[in-house]
Amino acid sequence: MGTRRRGKWDDERHVSSEPLLPPSDPEEAQSDAGNIALLFLLYLLQGIPLGLTAAVPMILLNRGASYKQQAEFSFVYWPFSLKLLWAPIVDSRFVARFGRRKSWLIPTQYLLALFMLFLSTCVDSLLGEGSPNVPLITAVFFCLNFLAATQDIAVDGWALTMLKRSNVGHASTCNSVGQTAGYLLGYVLFMALESAEFCNSYLRSQPEPHGIITLAGFLYNWGIVFLVTTTIVAIFKTEKKGDGEVEHDMGLVESYKLLWSIIKLPSIRTTICILLTCRIGFAANDAVTGLKLVERGVPKETLALIAIPLVPLQMILPLLVSKYTAGPRPMDVYLKAIPYRYFATFLSLCDMNLVENF
């Protein structure tokens, strides 16, 4: 029997058994507390457009939009799925004196602020009553999410140099917790405060026919928040290299060549195939169930509030499964969970059919 030749990947795999990152020191984490708080804030701001985007389908349903139009609006989520395509541009084109990440972060957040302020002046006319302009609404929120995805690229890169090397692991926690908090503010808080029924039941002594805030007002307020926080970061936060790390300044062509070489790796191709196909069985159920419940009389603010108990689970579950995802087969947990997800989808469809028949 023949023996397999040892390649460079076999050699590299056995070079060192040391962890890629040193263990986090509580004292060093405390010294990075300000940077961790800033990262949390930036990721929270990133979650606001995502939350608002999730709220729009509920508003469109109330304004008479069809399921076909809802499907058209779903294109607004594509920027976060395709941001890999322009990430090399963000990484390789910058003004060195201003900062590698700030060159993109500051303009992008200012554009987000201006976009929200402008949208607050015309969103009511775009939504309309009975005839929402879905193509234009889709284009507007697509641009909003494109800017948020670009901000995400810049913040992810800045986290690697903003934090000390032993604290880089906290960046993913800031990402998941901050983005979830921003999503809650943009979706749950907005849906609750926009609902006259919720406000009259829990926040008012005298009932009124409208909520405390409108979509236009919500966009305007967050536009001001984006302007203020971006100005503070631009003036008071300087960008520096982290712990003696030297960033490689590759050109645009070299960056795309490196990206293509990574995509060609067998493990990456397998991962891409899995991620492109795994949601086929339950994507429609996930997208339509909430809309069907609203059609059947479930208040949209109640549907939004259901997400609140899931937040602790979203924060704790990654910590519980992290010991199973670290190692040579990190996708095992994900792949083993997919059949159970399909089974849950089947039960959900059976419930929906029962509701339709009664």
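These numbers were taken from a predicted model, which means no experiment stands behind them. The written sequence of each chain sets the order in which its residues are numbered from 1. Restriction of local features to residues with pLDDT of at least 70 applies here, the model being predicted, together with a cutoff of 80 or more for giving and counting side-chain atom pairs; totals for whole chains, interfaces and linings are based on all residues. Hydrogens and waters are ignored; side-chain quantities use all the structure's heavy atoms.

Colleague: Hey, could you go over the overall build of the chain for me, with residue numbers and the actual values?
Modeller: Assigned secondary structure in the chain consists of 17 helices and zero strands. Methods summary: accessible areas were calculated by the Shrake-Rupley approach with a probe of 1.4 Å, and residue burial reflects only the protein chains presented. For the chain, the accessible area works out to roughly 21,100 Å², and carbon and sulfur atoms hold 66% of it. Going along the chain from the N terminus, every DSSP run of H or I of four or more residues is numbered as a helix, and every run of E of two or more is numbered as a strand.

Colleague: How would you sum up the UniProt feature "transmembrane region" (unreviewed entry) in the chain? Please name residues and give values.
Modeller: UniProt positions are given in the numbering used here, feature names are shortened, and annotations may be inferred rather than shown by experiment. The UniProt record annotates "transmembrane region" (unreviewed entry) at residues 36-61, 73-90, 110-128, 134-155, 176-193 and 213-237. Structurally, residues 213-237 comprises 88% helix and 0% strand, and the distance from its first C-alpha atom to its last is 33 Å.

Colleague: Help me get a handle on the packing of helix α3 (residues 33-62) against helix α7 (residues 102-127), residues and values and all.
Modeller: At a minimum axis separation of 12 Å, α3 and α7 run at an interaxial angle of 20°. Put simply, α3 runs roughly parallel to α7. As for the relative orientation of α3 and α7, their crossing is left-handed in sense. Together, Leu-42, Leu-45, Ile-48, Pro-49, Leu-52, Ile-59 and Leu-60 of α3 and Leu-105, Gln-109, Leu-112, Met-116 and Leu-127 of α7 make up the contact between the two elements. Classes in brief: Ala, Val, Leu, Ile, Met, Phe, Trp, Tyr, Cys and Pro nonpolar; Asp, Glu, Lys and Arg charged; the others, Gly included, polar. Looking at the contact of α3 with α7 residue by residue, the classes come out as 11 nonpolar, one polar and no charged. Only C-alpha atoms enter the line fits that serve as axes; for helices the fit covers just the stretch in contact. Angles between N-to-C directions range over 0 to 180 degrees. Oblique is the label for any angle not covered by the other classes, which are roughly parallel (under 35 degrees), roughly antiparallel (over 145) and roughly perpendicular (65 to 115). In this scheme the handedness of a crossing depends on how the near helix is turned from the far one: anticlockwise by less than a right angle means left-handed, clockwise means right-handed. Contacts between residues were defined by any pair of non-hydrogen atoms, one from each residue, lying within 4.5 Å.

Colleague: Give a description of the packing of aromatic side chains that names residues and reports values.
Modeller: Any two rings among Phe, Tyr and Trp, with Trp reduced to its six-membered ring, count as a pair given centres within 6.5 Å; such a pair is stacked if its planes are under 30 degrees apart, edge-to-face if over 60, and tilted if neither. Counting across every chain of the model gives eight aromatic pairs. Ring geometry for Tyr-183 versus Tyr-187: centroids 5.6 Å apart, planes at 50°, classification tilted. Within this pair, Tyr-183 and its partner Tyr-187 are both found in helix α9 (residues 170-194), separated by four residues, close to a single helical turn. Taking relative accessible area as the criterion, Tyr-183 reaches 32% and is therefore assigned partly exposed. Classification of Tyr-187 by relative accessible area gives buried; the value is 7%. Aromatic pair Phe-190 and Phe-218: ring centres 5.2 Å apart, planes at 50°, arrangement tilted. To sort residues, take the accessible area from a 1.4 Å probe on protein chains only and compare it with the maximum for the residue type: under 20% means buried, over 50% means exposed, and anything in between is partly exposed.

Colleague: Can you tell me about α7, naming the residues and giving the values?
Modeller: An ideal rise of 1.5 Å per residue puts 38 Å on 26 residues; α7 measures up with 35 Å between its terminal C-alpha atoms. At the exit of α7 stands Gly-128, carrying a positive phi of roughly 60°. Helix span is expected to be 1.5 Å times the residue number reduced by one.

Colleague: Give me the environment of Leu-163: which residues, what numbers.
Modeller: Secondary-structure assignment places Leu-163 in the loop between α8 (134-162) and α9. The exposure class of Leu-163 is buried, given its relative accessible area of 2%. Along the chain, Leu-163 and Lys-240 lie 77 residues apart, while their C-alpha atoms are 10.0 Å from each other. Look past the residues within four positions of Leu-163 in its chain and what remains in contact with it is Asp-32, Asn-35, Ile-36, Leu-39, Val-168 and Ala-171.

Colleague: Quick rundown of the pattern of salt bridges? Include the residues and the values.
Modeller: Salt bridge, as used here, is a side-chain nitrogen of Lys or Arg placed within 4 Å of a carboxyl oxygen of Asp or Glu. Overall, the coordinates contain six salt bridges when judged by the stated rule. By sharing partners, the salt bridges in this structure join Asp-91, Arg-100 and Arg-101 into a single network.

Colleague: Can you lay out helix α11 (residues 215-236) for me, pointing to particular residues and giving the numbers?
Modeller: The end-to-end C-alpha separation of α11 is 32 Å, in line with the 32 Å expected for 22 residues at 1.5 Å each. Buried residues belonging to α11 abut α3, α7, α8 and α9.

Colleague: So, a nonpolar patch on the surface: which residues are in play, and what are the values?
Modeller: A surface patch of nonpolar side chains, amounting to about 570 Å² of accessible area, comprises Phe-75, Trp-78, Leu-82, Leu-85, Phe-142 and Phe-146. Elements with a minimum of two residues in the nonpolar patch: α5 (78-82) and α8. Here Leu-82 is to be found in helix α5. Each patch groups residues whose relative accessible area exceeds 30% and which form no salt bridge, using 9 Å between like charges and 5 Å between nonpolar side chains of Val, Leu, Ile, Met, Phe, Trp and Tyr.

Colleague: Tell me about the packing of α3 against α8, and name the residues and values.
Modeller: Axis separation between α3 and α8 bottoms out at 10 Å; the angle between their running directions is 165°. One element, α3, and the other, α8, form an angle in the roughly antiparallel class. Of the two elements, α3 crosses α8, and the hand of that crossing is left-handed. When the residues that make up the contact of α3 with α8 are grouped by side-chain class, the tally is 18 nonpolar, five polar and two charged.

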